[in-house]
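Remarks on the overall topology
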Amino acid sequence: MSVEEQLHSRHIEALQVEERRFPPPPEFVAQANAKPEVYEEANGDYEAFWAARARELEWSKPFTRVLEWNEPFARWFADGELNISVNCLDRHVRAGRGERVAYYFEGEPGDRRAVTYNELLLEVCRFANALRAQGIKRGDRVAIYLPMIVELPVAMLACTRIGAAHSVIFGGFSPDAIVDRVTDSGCIALITADFGWRRGKTVPLKENCDAAMERMPDVKCCIVVKRTGDPVNMEPGRDVWWHELIEGQPATCEPEPVDAENLLFILYTSGTTAKPKGIKHTTGGYLTGAATTHKYVFDVKDDDVYWCTADIGWVTGHSYIVYGPLCNGTTGVLYEGTPDHPDKDRFWEIVERYKVTILYTAPTAIRTFMKWGTEYPGKHDLSSLRLLGSVGEPINPEAWMWYRDVIGGGRCPIVDTWWQTETGMIMITPLPGVTTTLPGSATQPFPGVFPDVVDEAGQTVPPGGGGYIVIRKPWPAMLRGIWGDDERYKETYWSKFPHMYLAGDGCRRDKDGNYWFMGRIDDVMNVSGHRISTTEVESALVSHPAVAEAAVVGRSDAMTGQAISAFVLLKGAQVGSEPLALELRAHVGVKLGKFTSPKYLTFTSELPKTRSGKIMRRLLRDISEGRTLGDTTTLADSSIVAELQSRAREEAQKEE
Ligand code: PRX
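1. Quick look at the overall build of the chain
- Counting its regular elements, the chain contains 21 helices and 29 strands.
- Taking 2.2 N^0.38 as the reference for a compact globule, 656 residues should give roughly 26 Å; the C-alpha atoms of the chain span a radius of gyration of 24 Å, in line with that estimate.
- Each of the three principal axes of the chain carries a C-alpha extent, and together these read 75 × 60 × 55 Å.
- Considering the chain as a whole, with its 656 residues, one finds that 61% of them fall into the buried category.
- Sequence separation of 24 or more characterises 72% of the internal contacts of the chain that already satisfy a separation of 6 or more.
- With the model as given, the accessible surface of the chain reaches about 24,300 Å², and the carbon-plus-sulfur share is 51%.

2. Focus on the pattern of salt bridges
- Counted under the stated rule, the structure contains 47 salt bridges.
- Connected through salt bridges with shared partners, the residues Glu106, Arg112, Arg346, Glu349 and Arg353 form a single ionic network.

3. Section: the packing of aromatic side chains
- Using the criterion set out here, one finds 42 aromatic pairs in the structure.
- When the ring of phenylalanine 170 is compared with that of phenylalanine 595, the centres are 5.3 Å apart and the planes differ by 80°; the resulting orientation is edge-to-face. With phenylalanine 170 in the loop between strand S7 (165-168) and helix H8 (175-185) and phenylalanine 595 in the loop between helix H19 (578-592) and strand S29 (600-603), this residue pair connects regions lying 425 residues apart in the sequence. Here phenylalanine 170 and phenylalanine 595 have matching classes, each one buried.

4. Observations regarding the side chain of arginine 480
- Secondary-structure assignment places arginine 480 in the loop between strand S22 (466-471) and helix H17 (486-494).
- By relative accessible area, arginine 480 is classed as buried at 8%.
- Within polar-contact distance, the side chain of arginine 480 engages the side chain of glutamate 261 at 3.0 Å.
- Within the structure, the side chain of arginine 480 is placed 3.3 Å from the side chain of threonine 282, a separation counted as a polar contact.
- Among residues more than four places away in sequence, those in contact with arginine 480 are Phe73, Ala74, Trp76, Glu261, Lys280, Thr282, Gly285 and Trp475.

5. Section: the domain arrangement of the chain
- By the assigned domains, the chain splits into domain 1 (26-338 + 417-506) and domain 2 (520-655).
- Contact with domain 1, which involves 24 residues of that partner, is made by 19 residues of domain 2.
- Counting the surface domain 1 buries against domain 2, the share from its top three residues, Ser270, Thr272 and Ala274, is 30%.
- Our count for the contact surface shared by domain 1 and domain 2 stands at four salt bridges.
- Arginine 531 is paired through a salt bridge with glutamate 422; the nearest N and O atoms lie 3.0 Å apart.
- The interface formed by domain 1 and domain 2 includes 16 residue pairs in polar contact (both at pLDDT 80 or more).
- Elements represented by at least two residues in the side of domain 1 that touches domain 2 include exactly H8 and strand S23 (501-509).

6. A word on the sheet that holds strand S21 (residues 451-454)
- With respect to topology, four strands assemble into an open sheet ordered S21-S22-S23-S24, the strand pairing being antiparallel. The open sheet has two edge strands with one neighbour each: S21 and strand S24 (515-520). For this sheet, the mean inter-axis angle between neighbouring strands, taken without regard to orientation, is 45°.
- Relative to S22, S21 is paired through four bridges, and the arrangement is antiparallel. For valine 454, the partnering residue across the bridge sits in S22 and is tyrosine 468.

7. Regarding the sheet that holds strand S4 (residues 101-106)
- With mixed pairing, seven strands are arranged side by side in an open sheet as S5-S4-S17-S16-S18-S19-S20. Edge positions in the sheet fall to strand S5 (112-116) and strand S20 (414-416), since each has one partner strand and no second. Strand-to-strand twist in this sheet, taken as the mean axis angle between neighbours without regard to direction, amounts to 20°.

8. Observations concerning the side chain of threonine 364
- If you trace the backbone, threonine 364 turns up in helix H14 (residues 363-372).
- Threonine 364 sits in the buried class, given a relative accessible area of 12%.
- A polar side-chain atom of threonine 364 sits 3.0 Å from the main-chain carbonyl oxygen of methionine 559.
- Look past the residues within four positions of threonine 364 in its chain and what remains in contact with it is Glu393, Ser528, Gly529, Met559 and Thr560.

9. Here we look at the nonpolar core
- Ranked by size, the top nonpolar core spans 164 residues in total, and within it Phe77, Phe127, Ile191, Phe298, Tyr323, Leu541 and Val568 carry the most contacts.
- Sort the elements by how many residues they give to this core and helix H6 (residues 117-133) lands first, with nine residues.
- The residue makeup of this core includes at least three contributed by each of domain 1 (26-338 + 417-506) and domain 2 (520-655).
- Each residue touching valine 568, except ones within four places of it in the same chain, is listed here: Leu541, Val547, Glu549, Ala550, Leu584, Leu601, Thr602, Phe603 and Thr604.
- Listed in part, the 29 residues of the second largest apolar core include Phe22, Phe347, Ala365 and Leu385.

10. Let's talk about the pairing of strand S19 (residues 387-390)
- Here S19 shows two buried faces, one formed by Leu387 and Gly389 and the other by Leu388 and Ser390.
- Relative to S19, strand S18 (residues 358-361) runs parallel, the two sharing four bridges. By the bridge assignment for S19, tyrosine 360 is matched with glycine 389.
- With three bridges joining them, S19 and S20 adopt parallel strand pairing. The residue bridging leucine 388 from the neighbouring strand is isoleucine 414, located in S20.
- At this point the chain moves from S19, through helix H16 (residues 397-407), to the parallel S20, and the crossover so formed is right-handed.

11. Comments concerning the packing of helix H5 (residues 84-97) against helix H12 (residues 315-327)
- Orientation of H5 relative to H12, taken along the N-to-C sense of each, is 50°, at an axis distance of 8 Å. The orientation of H5 with respect to H12, classified from their angle, is oblique. Helix-helix and strand crossings are classified by hand; for H5 and H12 the assignment is left-handed. Facing Ile84, Asn87, Cys88, Arg91 and His92 of H5, the residues of H12 in contact are Tyr323, Leu326 and Cys327.

Conventions adopted
- Residues numbered from 1 in each chain as written.
- Predicted model: local features only at pLDDT ≥ 70, side-chain atom pairs only at ≥ 80, totals over all residues.
- Heavy atoms only, no water.
- Helix = DSSP H or I, 4+ residues; strand = E, 2+ residues; numbered from the N terminus.
- Rg over C-alpha atoms; globule rule 2.2 N^0.38 Å.
- Buried < 20%, exposed > 50% of the residue type's maximum accessible area, 1.4 Å probe, protein only.
- Contact = heavy atoms within 4.5 Å.
- Areas by Shrake-Rupley, 256 points an atom, 1.4 Å probe, with all protein chains shown as cover.
- Salt bridge = Lys/Arg side-chain N within 4 Å of Asp/Glu carboxyl O.
- Phe/Tyr/Trp six-rings, centres within 6.5 Å; stacked < 30°, edge-to-face > 60°.
- Polar contact = N/O pair within 3.5 Å; in protein donor to acceptor, adjacent residues only side chain to side chain.
- Domains from an automatic or database assignment.
- Buried area = accessible area lost by both parts, 1.4 Å probe.
- Pairing = 2+ DSSP bridges.
- Axes fitted to C-alpha atoms, helices over the stretch in contact; angles between N-to-C directions.
- Core = buried A, V, L, I, M, F, W, Y, C linked by side-chain atoms within 4.5 Å.
- Right-handed = clockwise from strand over helix to strand, strands pointing away.
- Parallel < 35°, antiparallel > 145°, perpendicular 65-115°, else oblique.
- Left-handed = near helix turned anticlockwise from the far one by under 90°.

Laid out in structure tokens, this is it:
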């Protein structure tokens, strides 16, 4: 089946019935940051459009060159110099805005703190001095494994102050995953906390780091934030407390100006192999892209209170909790915990408490709120909200309408924003004062972004058709490559179609040019907005002594978008059992992190393979979703399909 056919069969209904249109409310249009002219400006001379946005930043040495495109390697504003922490902090303080709140921090246990730009600058300077005192300098890489506490953006900004790059590792990852990432990027320091909070329980972050550091001899220094205060092991000479380190450090710190193309961060994301990709982002272009999209898509104003509920461990948090918002001098909320602690109304309590005006969250969360029921948002005054955003996976029209009606009271525009770790910034999205929205569509390209939908031959698909989403021109916040692996960068994104960036998503474009995303078309799953590679989970399963072979696919899931479904072949004469299935799930959790543990696990005596020995994932997906099967004549042994089908059905019944 071609990609067009797959997309057609998967999602055609949604398109056929979706006729609802929501033009922006006139009051919103009147005050919006982005007017229709921005499209004209960007379509005219797109390099000039981006250069004008870049000039809104503060440059210690202005750039004269805009784009150098040596396909597939881009350099933006390359002869300019700037410092990100200056743009995010000093600039606002100097402009007399130091008393503005940068973050309303809300800890999971209910501890609260409003951090102003003055205070944030002070903390960043002291910590940057402390990093320098530890010998960390420009060009070094620092790993950060912290909960969603103020020290996390402080640590990131302190790295930028001294020209070091950071690599943030999501707090849900296991020691093995930390080792892979830290070793690959050659980080020399690790910043963590004693514990984090999650649903009232503590998460042993330092202990995970201890286990990881046994296998990371190059990490010479581990800085530990005291979050819960429970005892942890501190290795003399290697481990130091954050609060002790910053004691006595000067309140100012000379910023290191860096080239626009200086490495800002590496962020690991899953691809189609077991090895995660270290996505590289640099300074000037990334900040231009993050800040411009943040200003236009979220329409932020001085009196807004903006809340992005993502975790900073993922790209959404990098671009839309830290860099975009701080660069724009935004007042935001930083929440440490989960939506259901202590009760299922925690988000709505936060919206009410801080009078949040702009809320940016994920479809999986929205669907969970739908399941919990309207009584929880109903307990709180949500009338401060004026704009809603969605990110991470396609949002189904039902969830979109619920979000609009129940959370937005029918008055707030919704911006469904499509982008990726690799793109660094929002790429396809409504502009809330311009675009007419449709439930389930990410609508139009952001000004200065040039996507297309193409077929297998790389030809533009006519309106109404589906195919691969590609980007035809470089954009400022685009990835600059994969850390240490230019070949993989070229192969993954630039080899399928000449002169086009391949995102890996399926997409349809309707007759009005609106984009409808259909999910991944490669071996990448999207579980609650987490990108997980099928092969990564397969390798984790196979690393268990009982497992001979495993195949993993994503299965549609009403709540999480996709759920992980594993087919496992055991070694020798072993037979599968319920306890072993539990053990294998837990094993994956330990190897990679709990969020990657398969929801479904089916034991089988054979896996469906083509005659050339390739596992037929499409078939497994069909089996796992209980769909009628397509052509199986290329299978080596078609009898196994019957076996797998009946096992998968049993599994599903058990779940229900
Ligand atoms: O499949 C798309 C989906 O998330 C993938 C990118 O994942 P990640 O790099 O982890 O970044 C997530 C946050 C930007 C994409 O390839 N995706 C993200 N946003 C949307 C989406 N799919 C449909 N609609 C979206 N709004």
